[in-house]
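Fold and geometry: a report
Given next are the chains, with one letter for each unit.
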Amino acid sequence: MEFPVVRVCDLSKYIGQTVQLRGWVFSKRSSGKVKFLQFRDGSGIVQAVFVKGVVTDEGFDGFEKLTQETSLTLTGLVKADTRGKTGVELDAKDLKILQIAEDYPIGPKEHGPDFLLGNRHLWLRSRRPHAILRIRHRFVKAIRDFFDNDGFTLVDSPILTPSACEGTTTLFETEYFEEKAYLTQSGQLYGEAAAMAFGKAYCFGPTFRAEKSKTRRHLTEFWMVEPEVAFNDLDDNMVLAERFLEYTIQTVLKECQAEFAILERDTTKLQNVKAPFPRISYDECVEKLNAQGIKFEWGGDFGSPEETAIAQMYDKPVFIHRFPAAIKAFYMKPDPKSPKHALGVDCIAPEGYGEIIGGGQREEDIVALKERLHAHGLKEEDFSWYLDLRKYGSVPHSGFGLGLERTVSWICGIDHLREAAAFPRMMYRLRP
Ligand code: 4AD
Ligand code: MG
């Protein structure tokens, strides 16, 4: 007899029916004559109860052969079960083994991070990575929904590029036929071209930085979403960023309750992520840090101790704006009221997660932009197409980049960025 093929996440719609599931052994145990199988299919985990006489003899014997991660099809009667989290349980009727798994390296015992990362292709099946990646997926969808519903056009930037966007020290270089190419550090420069073509545009893709540091906050490959808007100034940019963070985080909070429970994430602080966020200038930050006894000299860039100290003064993400122009990228517009400050803005996440957004208002004047290129030791020829944007109807414009893994780490409350990517890339990790 044929039974409907169902996924675990849909089982509650089939109470009282016999169905077929396809998946893997999560774990099993026996207690006297009754045997219990925790069965997973990627959409969820359900318990199947094996009782002699209810299940076929082949199925009952098959249970003994099941090892962790053995693949199988399972037929059973769906029953309501108020004790379990899923609300359903199966009375197993039959099982067919597809492949008996060899001794599986990941067990219930504690494993070290190196071992788990080396087995990341298998570790993805465990509850914790599964929950984190589901939250990441839901967050990515919320990001796209926000921009798509706000009149933005998706215009993706190239990954192979001829020049640097974010300084020359973290470039990955590759041969490109007769010349050199670099993996993109940010899609921004192309995003600016897209903003002049579409008014409001965003790109969302992988970006690369040869970070030689081994910190919890740096990957060599990470995803960035970068909106860019013609006619927006620095203030408009902050309004966009706070609306965007409020929408995406509140959506994930609503829709990922089960995943947050698996991670034991206390989400009360995330509930505070509602616009408006505090806006503090760099100069005010320097004063506040020194007032707290954290010695900091004007002109330097904030590191994670400073970012954490500032974040702790508030219960929401914080905008820091108007950094010293000298420490910021060539494309940032100096503040007309104080040219030693650049119209840049970072957004600092609470709970010590540091900078999740970097952005600002771009220099739209061709003469000023050329001066800044030279000051940064960059060649005009390398940016000739970018300079064209200032020749043909230049307008004020702004944008920002949000680091996906940084933000997912914060949302999930995890200590290290590497768990926010399915296959993280760091200085010492290229495999699997
Ligand atoms: O502040 P960044 O360098 O800004 C830019 O690249 C701009 N061009 C973006 C724009 O305005 N369109 O990087 C933006 C964000 C950071 O705030 C951080 O969240 C993330 O990208 N990020 C990293 N994430 C993981 N690993 C790294 N090595 C990262 N470097 C930056
Ligand atoms: Mg930055």
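Look above for the structure.
Remember, predicted model here, so these are calculated numbers, not experimental data. (Residues numbered from 1 in each chain as written. Chains lettered and ligands numbered in written order. Predicted model: local features only at pLDDT ≥ 70, side-chain atom pairs only at ≥ 80, totals over all residues. Heavy atoms only, no water.)

1. Examining the overall build of the chain
Regarding its fold elements, the chain presents 13 helices and 17 strands. For the C-alpha atoms alone, the extent of the chain along its principal axes is close to 85 × 55 × 40 Å. Counting every position in the chain, which comprises 432 residues, the buried fraction comes to 51%. Pairs at least 24 apart in sequence give 66% of the contacts found in the chain among residues at least 6 apart. Of the accessible surface of the chain, which amounts to about 20900 Å², a share of 52% is contributed by carbon and sulfur atoms. Computing the positive centroid from 57 side-chain charges and the negative centroid from 62, the chain places the two 6 Å apart. (Helix = DSSP H or I, 4+ residues; strand = E, 2+ residues; numbered from the N terminus. Buried < 20%, exposed > 50% of the residue type's maximum accessible area, 1.4 Å probe, protein only. Contact = heavy atoms within 4.5 Å. Areas by Shrake-Rupley, 256 points an atom, 1.4 Å probe, with all protein chains shown as cover. Lys, Arg positive; Asp, Glu negative; His and termini not counted. Charge placed at Lys NZ, Arg CZ, Asp CG, Glu CD.)

2. Thoughts on unusual backbone geometry
With an omega of -5 degrees, the peptide bond running from Ala275 to Pro276 counts as cis. The residue Pro276 is located in the loop between α8 (268-271) and β12 (279-281) in this model. That bond from Arg431 to Pro432 is cis: its omega, 0 degrees, falls within 30 degrees of zero. Mapped onto the fold, Pro432 is located in the segment after α13 (404-412). Phi at Phe177 takes a positive value of approximately 55 degrees, unusual for a residue other than glycine. Relative to the assigned elements, Phe177 resides in the loop between β8 (173-176) and β9 (179-183). According to the relative accessible area criterion, Phe177 is exposed, its value standing at 72%. Its identity as a non-glycine residue notwithstanding, Glu264 has a phi of 55 degrees, on the positive side. Mapping Glu264 onto the fold places it in the loop between α7 (257-263) and α8.

3. Regarding the site of ligand 1
Looking at ligand 1, there are 24 residues lining it, with Glu166, Gln188, Arg209, Glu226 and Glu355 nearest. In this structure, Ile356 approaches ligand 1 through a main-chain N or O atom, which is 3.0 Å from an oxygen atom. Here ligand 1 loses 94% of its free accessible area of 630 Å² to cover by the protein chains. In terms of residue count, strand β16 (residues 354-361) provides more of the shell around ligand 1 than any other element does, five residues in total. (Near = heavy atom within 4 Å. Polar contact = N/O pair within 3.5 Å; in protein donor to acceptor, adjacent residues only side chain to side chain.)

4. Quick look at a nonpolar patch on the surface
A cluster of nonpolar residues, Leu160, Tyr176 and Phe177, forms a patch on the protein surface that exposes about 350 Å² of accessible area. Mapped onto the elements, Tyr176 comes out in strand β8. Assessed through its relative accessible area of 36%, Tyr176 is described here as partly exposed. (Patch = residues over 30% accessible without salt bridge, like charges linked within 9 Å, V, L, I, M, F, W, Y side chains within 5 Å. Salt bridge = Lys/Arg side-chain N within 4 Å of Asp/Glu carboxyl O.)

5. Concerning the pattern of salt bridges
According to the stated counting rule, one finds 26 salt bridges in the structure shown. Among the salt bridges present, the one from Lys35 reaches Glu64, with a minimum N-O distance of 2.9 Å. On the criterion of sequence distance, the pair formed by Lys35 in strand β2 (residues 34-40) and Glu64 in helix α1 (residues 57-65) is long-range, its members being 29 residues apart. Taking relative accessible area as the criterion, Glu64 reaches 48% and is therefore assigned partly exposed. Through salt bridges with shared partners, a single network forms among Arg40, Glu69 and Arg125.

Interpretation in functional terms is not warranted from these geometric data alone.
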